[in-house]
Amino acid sequence: MIDHAHTLETFRMWIDGKPVDALTGATFESQNPYTGRPWAVLADGGSDDVDAAVSAARAALDGEWGSTTGFTRAALLRRVGDLITANAERLARLEVNDSGKLYREMLGQMNGLGSWFHYYAGLADKIEGRQIPSPNPNYLVYTRREPIGVIAAITPWNSPLMLLTWKLAPALAAGCSFVIKPSEHAPASTVAFAELFDQAGFPPGVINVVTGSSARTGAALAGHPGVDKVAFTGATSTGRRVALAAAENLNPVTLELGGKSPHIVFPDADLPAAANGIISGIFAATGQTCMAGSRLIVHESVHDELIRLITDRAATIKLGDPNDPDTEMGPVANAPQYEKVLHYLRTAENEGATVAYGGTAEHSLGGYFVKPTVLTGVGPESAIVREEVFGPVLSAYTFSDENEAIEFANDTPFGLAGAVWTTDVHRAHRVAAKVRAGTVWINAYRTVAPSVPFGGYGQSGIGRENGAEAIDAYTETKAVWVELSGGTRDPFVLG
Ligand code: NDP
């Protein structure tokens, strides 16, 4: 691991194809959650910097970028996909320093991001309008799919580049330009990422990044009148504020928000496989993913055996330096998040939960470590079952029949993801259809792909990212009517 005690790496914002300081000259530091020390210094951008970035993004649309064809954009997307792969190790290191996530996980993510850009490169030159039959033979009618315009992308600290890519790749294929505001807790990788688009040949102003140390920077961007759409990933409460700010401009939003995703485990399930999937859903990434499988709804007849399998594995999880290839769980990403997870552990204790494993911080390692935690005996009404912890905390409770399992699974304001564990093929599909969530895995968990839509029901969000339909989220449809007869018509009659 690099020791940053004496040297902080510097990251400037990226506006109009250039690295720039904040107009005020202000800076802030980003902390490494493993060492607990600052490791980077960044420009502390404010609303004036947001104005400059939005102007650059608009100018790009009005200039060269606005007249590119899908064929040109496809070539650029392919090139940037390759550059991301070539720079995967450096990008992964930056994300690890900022968020404390495992190097091996982040390297895997960075190596996968290129495939998102390649997938949408394949779609960029196939964004087609339609020729539509008109009831009046004197008209030729067709539609054009045009870029929505300037996109404000506001991203969180967990997997900043992957969650940004889910917005960028389809929107660039569609021809949009961007102002990106990464989280103050993990901003560095986004600035390094933006430079790769410049190297790939994207014109200046297509990608702009404003960093800032407070929620004010994001708020200035979400409500900016020069923006045409807001794409956000983060907490449900913040998503609501972002949507309200966007509504002031009547701007559309894509919101990827929180979750409280259930695993439903039936008595006929392959229990070791289920235990492994449940571990991956809640302890990988230290539970800090929107799709964390944080509720375990297990049939009463297999509860004890499954909990034993999960706790046995939890006890062997190796906590430690996120850069060490043997480490399985890193620290929680930042001080507020650490306090939040510990608060929920105290709440669960007060609610009468039984700690089957973990339940406390791990002080021996320094940094913000929390033990992988398995809670049993919680009621469906308890806060630990209803609220998003965003940490390595699994809450287990039992059901007695299929209908009750579905009822428990859907008894949540969220609806991002879930899993059904069973070897009965009829039941697998029957239950998957009834779980109100944007993604349901059957005998699996935590897989995503550029070609597969991802997003939430209810308070887990609005819209879908990924998949071919993500292009629709970044295009406007324009209908063009062409008069063919050359004659005149009654000006006072519609049609
Ligand atoms: P937030 O949802 O507050 O932050 C996400 C992004 O929104 C960041 O870039 C943040 O900037 C920005 N932001 C904050 N306030 C505003 C605002 N009013 N208008 C526009 N943008 C804003 O997440 P936090 O980092 O504060 O984490 C809080 C909780 O959110 C976590 O404990 C977790 O439960 C949940 N969360 C969920 C995620 C998910 O994927 N579902 C991802 C991250 C967090 P800045 O950081 O500079 O304030």
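Bear in mind that the values here come from a model prediction, so they are computed numbers and not experimental data. The written sequence of each chain sets the order in which its residues are numbered from 1. Whole-chain, interface and lining totals are the exception, using all residues; otherwise, since this is a predicted model, local features are given only for residues with pLDDT of at least 70 and side-chain atom pairs are given and counted only at 80 or more. Values reported for side chains reflect all heavy atoms of the structure, with hydrogen atoms and water molecules removed beforehand.

K.L.:
Hey, could you go over the sheet that holds strand 4 (residues 27–32) for me, with residue numbers and the actual values?
P.N.:
Pairing within the open sheet is mixed, and its 3 strands lie in the order 1-5-4. Two strands in the sheet have a free side with no partner beyond their single neighbour: strand 1 (9–11) and strand 4. Taken pair by pair, the neighbouring strands of this sheet meet at an average axis angle of 30°, ignoring direction. Pairing between strand 1 and strand 5 (residues 37–43): 3 bridges, direction parallel. By the bridge assignment for strand 5, threonine 10 is matched with valine 41. The contact rule is simple, with two residues in contact once any of their heavy atoms fall within 4.5 Å. Note on geometry: axes are C-alpha line fits, over the in-contact stretch for helices, and angles between N-to-C directions span 0 to 180 degrees. What counts as a helix is a DSSP run of H or I of at least four residues, what counts as a strand is a run of E of at least two, and both are numbered from the N terminus. Across the sheet, helix 3 (residues 88–99) is in contact with strand 1, strand 4 and strand 5; its angle to strand 4 comes to roughly 90°. Here, a strand pair is defined by DSSP locating no fewer than two bridges between the strands.

K.L.:
Can you explain the site of the ligand? Please cite residues and give values.
P.N.:
Nearness is judged by heavy atoms alone; a residue qualifies as near a molecule or strand once a single heavy atom is within 4 Å of it. Taken together, 27 residues are adjacent to the ligand, and Thr155, Trp157, Ala235, Gln337 and Lys340 come closest. Under this definition, polar contacts are N or O atom pairs within 3.5 Å; protein pairs additionally need one hydrogen-donor-capable and one acceptor-capable atom, and for neighbouring residues in sequence, both atoms have to be side-chain atoms. Between alanine 235 and the ligand, the recorded distance is 2.7 Å, taken from a backbone N or O atom to an oxygen atom. Note on areas: Shrake-Rupley with a 1.4 Å probe; residue coverage comes only from the protein chains shown. For the ligand, whose unbound accessible area comes to 850 Å², protein coverage reaches 89%. Mapped onto the shell around the ligand, the elements with two or more residues apiece are helix 7 (215–222), strand 11 (229–233), helix 8 (236–248) and helix 11 (335–350). Polar here means any residue other than Ala, Val, Leu, Ile, Met, Phe, Trp, Tyr, Cys and Pro, which are nonpolar, and Asp, Glu, Lys and Arg, which are charged; Gly is therefore polar. Among the residues forming the shell around the ligand, the class breakdown is 12 nonpolar, 10 polar and 5 charged.

K.L.:
Outline helix 13 (residues 402–410), listing residues and values.
P.N.:
For helix 13, every residue scored as buried is listed here: Glu402, Ala405, Ile406, Phe408 and Ala409. Projected down its long axis, helix 13 shows its buried positions confined to an angular sector of 165°, all on one face. What points out from helix 13, more than 90 degrees from its buried face, is the exposed set Asn403 and Glu407. Buried residues belonging to helix 13 abut strand 13 (262–265), strand 14 (295–299), strand 17 (393–399) and helix 14 (425–434). Sitting at the amino-terminal end of helix 13 is aspartate 401, which places a side-chain oxygen 3.2 Å from the backbone nitrogen of asparagine 403. Accessible area is worked out with a 1.4 Å probe on protein chains only. A residue is then buried under 20% of its type maximum, exposed over 50%, and partly exposed in between. Working note: the arc is built from the helix axis to C-beta atom directions.

K.L.:
Tell me about the packing of aromatic side chains, and name the residues and values.
P.N.:
Ring pairs are drawn from Phe, Tyr and Trp, using the six-membered ring of Trp, whenever the two centres fall within 6.5 Å, and their geometry is named by plane angle: stacked under 30 degrees, edge-to-face over 60, tilted for the rest. Evaluated as defined, the whole model comprises 16 aromatic pairs. For the ring pair tyrosine 139 and tryptophan 481, a centre distance of 5.6 Å and an interplane angle of 80° mean the geometry is edge-to-face. Note that tyrosine 139 is positioned in strand 7 (residues 139–147) and tryptophan 481 in strand 21 (residues 475–483), a separation of 342 residues in sequence. Tyrosine 139 sits in the buried class, given a relative accessible area of 17%. Judged by relative accessible area, which is 55%, tryptophan 481 ranks as exposed. Summarising the aromatic geometry, the rings of phenylalanine 266 and phenylalanine 399 are spaced 5.4 Å apart at their centres and angled 70° between planes, so their arrangement reads as edge-to-face. Pair noted here: phenylalanine 266 is in the loop between strand 13 and helix 9 (271–282) and phenylalanine 399 is in strand 17, with a separation of 133 residues, a long-range link. Pairwise contacts between aromatic rings join Trp65, Phe117, Phe193, Phe197 and Phe202 into one cluster.

K.L.:
Tell me what's going on with the UniProt feature "active site" (unreviewed entry) in the chain, and back it up with residues and numbers.
P.N.:
UniProt positions are given in the numbering used here, feature names are shortened, and annotations may be inferred rather than shown by experiment. In the numbering adopted here, UniProt assigns the feature "active site" (unreviewed entry) to Glu256. Note that glutamate 256 resides in strand 12 (residues 253–256). Residue classification places glutamate 256 among the buried positions, given a relative accessible area of 0%. Beyond its immediate sequence surroundings of up to four residues, glutamate 256 is in contact with Phe232, Thr233, Gly234, Leu416, Phe454, Gly455, Gly456, Ser460 and Glu465.

K.L.:
I'd like to hear about helix 4 (residues 103–124), residue by residue, with values.
P.N.:
The end-to-end C-alpha separation of helix 4 is 32 Å, in line with the 32 Å expected for 22 residues at 1.5 Å each. Those residues of helix 4 not exposed but buried are Tyr103, Glu105, Met106, Gln109, Met110, Leu113, Gly114, Trp116, Phe117, Tyr120, Ala121 and Ala124. Expected span of a helix, by definition, is 1.5 Å for each gap between consecutive residues, and there is one gap fewer than residues.

K.L.:
Which residues make up the pairing of strand 13, and what are the values?
P.N.:
Side-chain alternation along strand 13 places Pro262 and Ile264 on one buried face and His263 and Val265 on a second face that is also buried. Here 4 bridges tie strand 13 to strand 14, and the two strands are oriented parallel to one another. Note on strand 14: the bridge partner recorded for isoleucine 264 is isoleucine 297. Crossover handedness is defined here as right-handed if the route from the first strand over the helix to the second strand goes clockwise, with the strands pointing away from the viewer. Note on the crossover from strand 13 through helix 9 to strand 14: the handedness is right-handed. Across 3 bridges, the pairing between strand 13 and strand 18 (residues 417–421) is parallel. Among the inter-strand pairings, histidine 263 is bridged to a residue of strand 18, identified as alanine 419.

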